[in-house]
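In case you want the letters, here they are:
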Amino acid sequence: YEKYVQLIRTYGPGRFQISDREWKEPVLVTDVKTFAWNARSVEDLSPDILKDAPQIELLIVGCGTRAVFVPPAKRTAFRASGVSLEVVDTGAACRIYNVLLAEGRRVAAALIPL
């Protein structure tokens, strides 16, 4: 059994190439599946985004062109569900996700297009 890994191949203004599919909206990328994420900004981020995702330990949040502040209460809500947040710009999020995925970490990325 070999699972189909969701690798972020390219990203650019308004789009992502994840494995063999192009996405033009915010997405949640996990090791086995990519989901559309109905978000306009990081303010829409909540632990509910992970309800259909496999169990992860780290969620990398790509905020667009630059990282933004995530309020402590929001971080606490994720931590209560066993997930740490790393908040960076979208380009860095794509790169970090791919590296951690290659290391076998339980990671996902919530990405807002550049």
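To be clear, the structure that these remarks concern was listed above.
Residues numbered from 1 in each chain as written. Predicted model: local features only at pLDDT ≥ 70, side-chain atom pairs only at ≥ 80, totals over all residues. Heavy atoms only, no water.

Now, about the nonpolar core: what can you tell me, with residues and values included?
Core analysis: the largest hydrophobic core is formed by 21 residues, its most contacted members being Leu 28, Leu 45, Leu 50 and Leu 59. Among the elements of the structure, strand E6 (58–62), strand E7 (84–88) and strand E8 (107–111) are those that each provide at least two residues to this core. With near-sequence residues (within four places) excluded, Leu 45 lies in contact with Trp 37, Leu 59, Val 61, Lys 74, Phe 78, Leu 85 and Ala 110. Core analysis: the next-biggest nonpolar cluster, separate from the first, contains 18 residues, Ile 60, Val 88, Val 107 and Ala 109 among them. (Core = buried A, V, L, I, M, F, W, Y, C linked by side-chain atoms within 4.5 Å. Buried < 20%, exposed > 50% of the residue type's maximum accessible area, 1.4 Å probe, protein only. Helix = DSSP H or I, 4+ residues; strand = E, 2+ residues; numbered from the N terminus. Contact = heavy atoms within 4.5 Å.)

If you had to explain the side chain of Thr 90 to someone new, which residues and values would you point to?
Tracing the sequence through the fold places Thr 90 in helix H2 (residues 90–102). Using a relative accessible area of 0% as the deciding quantity, one classes Thr 90 as buried.

Please set out the sheet that holds strand E5 (residues 34–36) residue by residue, giving values where relevant.
Backbone-to-backbone hydrogen bonds join strands into a sheet, with any given pair of strands oriented parallel or antiparallel. Spatial ordering of the open sheet is given by E5-E4-E8-E6-E7, a layout of 5 strands whose pairing is mixed. Sheet topology places E5 and E7 at the edges, where each strand pairs with a single neighbour. For this sheet the average axis-to-axis angle between neighbouring strands, irrespective of direction, equals 20 degrees. The pairing of strand E4 (residues 27–29) with E5 spans 3 bridges and is classified as antiparallel. Residue pairing in the sheet places Val 27 in a bridge with Ala 36 of E5. (Pairing = 2+ DSSP bridges. Axes fitted to C-alpha atoms, helices over the stretch in contact; angles between N-to-C directions.)

Geometry only, nothing functional implied.
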